[in-house]
Structures are given as C-alpha cells and as structure tokens.
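Inside the fold
Residue strings, one per chain:
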Amino acid sequence: MRARIPAEVRRTRVAYTAAVALMLLVGAACTRSDADVKATEGVGGSSGTIAPDAPQGIEKIDHVIVIIQENRSFDHYFGTYPGADGIPMKNGKPTPCIPNPWGSQCAHLYKTTSQFQDGGPHNHHAAVKDIHGGKMDGFLNALGPAKYFCYVTPSQPGCQKKLGPQNQADVLSYHTREDIPNYWTYADHFVLQDRLFAPSDSWTLPSHLFLVSAWSAACQDPKDPMSCRSNIILNNPKYVVSYGDKPAYGWTDITYLLHKNDVSWAYYVHPGTCFNRPCPGAHGDGTTPNKNPLYGFVTVRQNKQFGNLKRYPDYFEAAKNGTLPSVSWIAPGECCSEHPASGSPIRHGEAYVTRLINAAMRGPDWNSTAIWVTWDDWGGFYDHVVPPVVDENGFGLRVPGLLISPWARAGMIDHQTLSFDAYLKFIEDRFLGGQRLDPATDGRPDRRPTVREEIDILGDLSKEFDFDQEPIPPLILDPLPDRGDGSAR
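None of the values given here were measured: they were computed from a predicted structure. (Residues numbered from 1 in each chain as written. Predicted model: local features only at pLDDT ≥ 70, side-chain atom pairs only at ≥ 80, totals over all residues. Heavy atoms only, no water.)

Describing the overall build of the protein
The number of helices and strands found in the protein is ten helices and 18 strands. Relative to its 489 residues, the protein shows a buried fraction of 57%. Of the contacts formed within the protein by residues at least 6 apart in sequence, a portion of 80% connects residues at least 24 apart. Accessible area of the protein: about 19,900 Å², with a carbon and sulfur share of 52%. (Helix = DSSP H or I, 4+ residues; strand = E, 2+ residues; numbered from the N terminus. Buried < 20%, exposed > 50% of the residue type's maximum accessible area, 1.4 Å probe, protein only. Contact = heavy atoms within 4.5 Å. Areas by Shrake-Rupley, 256 points an atom, 1.4 Å probe, with all protein chains shown as cover.)

Considering the sheet that holds strand S16 (residues 401-404)
Pairing in this open sheet of eight strands is mixed, and the strands run S13-S12-S14-S1-S15-S16-S8-S17 from one edge to the other. What marks the edges here is a single partner per strand, and that holds for strand S13 (309-311) and strand S17 (412-414). Taking each pair of neighbouring strands and ignoring which way they run, the sheet shows an average axis angle of 20°. In terms of strand pairing, strand S1 (residues 63-69) meets strand S14 (residues 327-330) through four bridges, oriented parallel. Residue pairing in the sheet places Ile67 in a bridge with Ile330 of S14. Packed onto the sheet, helix H9 (residues 346-362) meets S1, S14, strand S15 (369-375) and S16 and runs at close to 175° relative to S1. (Pairing = 2+ DSSP bridges. Axes fitted to C-alpha atoms, helices over the stretch in contact; angles between N-to-C directions.)

Notes on the pattern of salt bridges
If you walk through the whole model with that rule in mind, you get 14 salt bridges. Its salt-bridge partner being Asp62, residue Arg430 comes within 2.8 Å of it at the nearest N-O pair. Pair noted here: Arg430 is in helix H10 (residues 420-431) and Asp62 is in the loop between helix H1 (7-26) and S1, with a separation of 368 residues, a long-range link. Given a relative accessible area of 32%, Asp62 falls into the partly exposed group. For Arg436, the salt bridge identified is with Glu454, shortest N-O distance 2.6 Å. With Arg436 in the segment after H10 and Glu454 in the segment after H10, the pair connects residues that are 18 residues apart, well separated along the chain. What makes Arg436 buried here is its relative accessible area of 10%. On the basis of relative accessible area, Glu454 is assigned to the partly exposed category, the value being 46%. Salt bridges here are not isolated pairs; linked through shared partners, they connect Glu428, Asp429, Arg436 and Glu454. (Salt bridge = Lys/Arg side-chain N within 4 Å of Asp/Glu carboxyl O.)

What about helix H3 (residues 124-131)?
Looking only at H3, the buried set comprises Ala126, Ala127, Asp130 and Ile131. The arc that holds the buried residues of H3, viewed along the axis, is 130°, so those residues lie on one side. In this structure Asn123 caps H3, since a side-chain oxygen of it lies 3.3 Å from the backbone nitrogen of His125. Directly after H3, the chain includes His132, whose backbone phi takes a positive value near 50°. (Arc of directions from axis to C-beta. Polar contact = N/O pair within 3.5 Å; in protein donor to acceptor, adjacent residues only side chain to side chain.)

With respect to the nonpolar core
Of all hydrophobic cores here, the largest spans 110 residues; its most connected members are Phe78, Tyr315 and Trp329. Of all the elements, H9 adds the most residues to this core, at eight residues. Setting aside residues up to four positions removed in sequence, Phe78 forms contacts with Ala84, Tyr183, Trp184, Ala187, Leu192, Pro400 and Leu402. Listed in part, the 23 residues of the second largest apolar core include Ile87, Ala142, Leu143 and Leu163. (Core = buried A, V, L, I, M, F, W, Y, C linked by side-chain atoms within 4.5 Å.)

Quick notes on the pairing of S16
Taken residue by residue, a regular strand's side chains alternate between the two faces of the sheet. Side chains of S16 alternate between two faces, with Gly401 and Leu403 and Leu402 and Ile404 buried alike. Bridging between strand S8 (residues 191-193) and S16 involves three bridges; their strand directions are antiparallel. Opposite Val191, over in S16, you have Leu403 as the bridge partner. Note that S15 and S16 share four bridges and pair antiparallel. Paired with Thr374 across the bridge in S16 is Gly401.

Remarks on the confidence of the model for the protein
Averaged over all residues, the pLDDT of the protein is 90; the fraction at 70 or higher stands at 87%. Here residues 1-48 scores under 50 on pLDDT; set against residues more than four positions off or in separate chains, the count is 62 contacts. Here residues 485-489 scores under 50 on pLDDT; set against residues more than four positions off or in separate chains, the count is eleven contacts. (pLDDT = per-residue confidence, 0-100.)

Description of unusual backbone geometry
Phe395 follows Gly394 through a cis peptide bond whose omega is 20°. In this fold, Phe395 is placed in the loop between S15 and S16. Even without being glycine, Lys304 reaches a positive phi, approximately 55°. Mapped onto the elements, Lys304 comes out in the loop between helix H7 (298-302) and S13. Relative accessible area serves as the criterion here: at 74%, Lys304 is assigned to the exposed category.

Points about the pairing of S15
Within S15, seven of the seven residues are buried, which leaves the element mostly enclosed by the surrounding structure. Side chains of S15 alternate between two faces, with Thr369, Ile371, Val373 and Trp375 and Ala370, Trp372 and Thr374 buried alike. The pairing of S1 with S15 spans seven bridges and is parallel. Looking at S15, one finds that Ile68 is bridged to Thr374.

Shown next, in the form of structure tokens:
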C-alpha cells in the first residue's frame, strides 16, 4: 500500500527530518515572527529504554480526533497527487470527456486556481446521475437546467470567472498543491487515503449520521430503536432534528458504547452554535444541526451526555492542557467548512483545519494522538472511481482522507477501501475491545441492515501506522501560507 514518493517530496522529508534531529540535538528553539507559526518544541518526546508495561501497538493511541469538512471529491483536491489513484491523464492532460447538455461537444476536466466554486447537487438523486451506472460521466447532466446558471448561459456578467475554458461548470475543476498547500504537505509527511468513500451516496446529514453511528435512518418512534428504518434521503422534517427539537434519532450510536465503557468523548462545534431556541441576540456563524447529529440522538440525552457537545475554545484548551478526551469529532461552521457557494474561500477552511492540527501537535498529548481529516460528501465534483455497493445505503462517491499522527507511516498512500465506518472500527478496536455497533451484541438492538464495521471489503486503519518507528515530531504549519511570491493568501 506504499506508493513511490516523488524525489522532490523525499528530499523535502529528509531535509525536514534532519533539521528536526539537529534541533533536538543542540536543544535549540526556533520561533517564527508570526505567533501562530511557532517551531516544534519536542512536545511529547521520550528517551531511554521502553518500560515492560509501556503501551504497544494500537494501545499507543489514547486520543482519536476526526475533523470533518464539507463537499469535495478526491479528484477535485488530490486528483494529481503523485502516486495516488487520481484523474486519468495522457501527456499531462485529463482524458475524461463528460457529456455536456449545454455544449456541442463533451467537456474536459480543467485545473482551477479559484478559491471559490459553486459545486453541484449532492443528494441521492444527483449521485445516481453522476455515477451513471458506473460510467462516472453524469456530473454535468446532474446540474440544474435554469438559464440563470452560468454553464447554461455563459454570456451573463461575471460568468467568465465561474467557468472552465469550454464554459463548463466548475464540478469538472480540480486543484493542485499551490491551492491547498497544507493539505498536500500533510499527505507528503503522513498518510493520504485514495479509496475513502462517503458512507452513503447522499448529502451532509446522512454522512454525519454514519460518522457517529454507522447508519442513517428515520424512526417512527425515536424511543424505540426497532422502529427505525434505513433512510438516506431525509427530506421529511419529521425525521430530522433542528436545534430546539426533541431527539429524533433513536438507533444506537457509538456514544452509547463509549459511555457504557467509561470512554470519554466530545463533539466540538463552532462557538456561534446555539443549541436551544430562542437564541439570545445574533449568535453568529454556528455549526448547523445537520453537521452536529449527536444533538438529535436519544442515547445522548438518556445517558446525560449532552454536556459533551462542546465548542472550539474547549478543544483548544483541552489540547493545550493535555486533557483531550479519548474520542473527539470536530465539525465546522459555514465560515470554514469549504462548502461550495458558502461565500468563504477554500483557504479559510484549510487555515481552520491547520489550527486544529497545530493545537494537537503543540500539546502534551501529541505522541498518543491520531487525527483523521475528511470531507462529508463529494459536493457534486467529478471523481472517476466507481463506489462499491455494500448495502442499500452506500457507499457514496470518493472523498479525500488524511491521517496525521506521530505513528503514521510517513508518505504512505493507503489504497485500502475505506469509509467512515473504518473510523468507528478503529475506535471500537482501541477503546471497546472490538465491540461493534451490532444489534445482536451491543445490548440495544435496531434494524440496521449491515454491521458496517464488519463488511468484507472494509480496510483496517491500523495498517496506516508503524508503532515501532521513532515518533514523527510535530509539523507546525502556517495556517495562511504565502502564495510563493511573498504575498499573503
């Protein structure tokens, strides 16, 4: 599963490792002028012989952090990353040509440097069109036909900036290292996943429900888990929770097992989030309930775990003080979600993620931490890999995925078939002795069609680690790196 690392990246990594080793040898501390870009200070280092009772293997991970962003496909972000299963190319040019209902010819993919995209529909209906029976060529056919869209009527004012060279919609665009440098740097130095599929071929809420429960359903009686049935559409308000509503998600989620086994957890959201209506005054840019599903789970209320829904300042404080819970999820507000058409540039989302990672790296828990970064669905953007069908609910289209940890296999491209279920599997293996969200064994049966953590094709995230290596030191990155010409991004 290791891909050949390009010579440029190898030289960068060797230079970086040598510099860190020299720094530790002489005991020097280097500080950048920007307070947010402090140099590595040897956090969590160790020396001497290993004690007989020292943690080994997966037991070295005491803190799992899952950072989930929004609406980008793998090919859109990493389609040209060296060694990854990316955009099919010939002579450096993309070969896919996508049927275009608004042009005389099919349309090619194109490189963009824009920090803003519109994306496309990303519900179940759109996924079916995009996949097109495995042809993966319906991304333009899935778009709306209204004349006010630039790809339908490109002569409208301002449309030139929104379209590709063939007037194609930006769902066919892709980025390179220059646009998202920190994400590519994490891939260079840690692990990139190139077969991570969204858990369902649908939108944000089902993906986030799968993230914490391995299922998306609608419940006739939320107090009765057996009344819940698979549902990845979730367009009926009766089955969807808004802030101030009573819980509607009655099936079993991972916090039920974590609480049962005294494993600490937290779900961190944007400071502007107001859980209970009416909200006093203007509460700013909060995390929507579709990205904060544990708010709506019956188990969280019944087990009196509602206080584990926290805000970002609590995360930064815990990271600084070495009091991170065993399991953390972090969901964005609109300002930094990378959601297309949100009005915020991609770099704001990358900067937000970088600050979260920097905080963990600077804290005393770094040497026992695994951070996974992913995106909840494909956002309508092109991807060339046909999603496997594992049950009636998914998988969905491919999304980017990164592992960042001192024990990561540096430079690895993980080609295993993965989904958000793999995060749950790792959490269960590390903290719950391998207990699954299995109706037959978890003590709270529901009607989920599949024990997702046990499907045959699901990879094992523990293979992304080398627990015998020297731990990788913190890699503190500038949240807003220069463009390369000295100007700020």
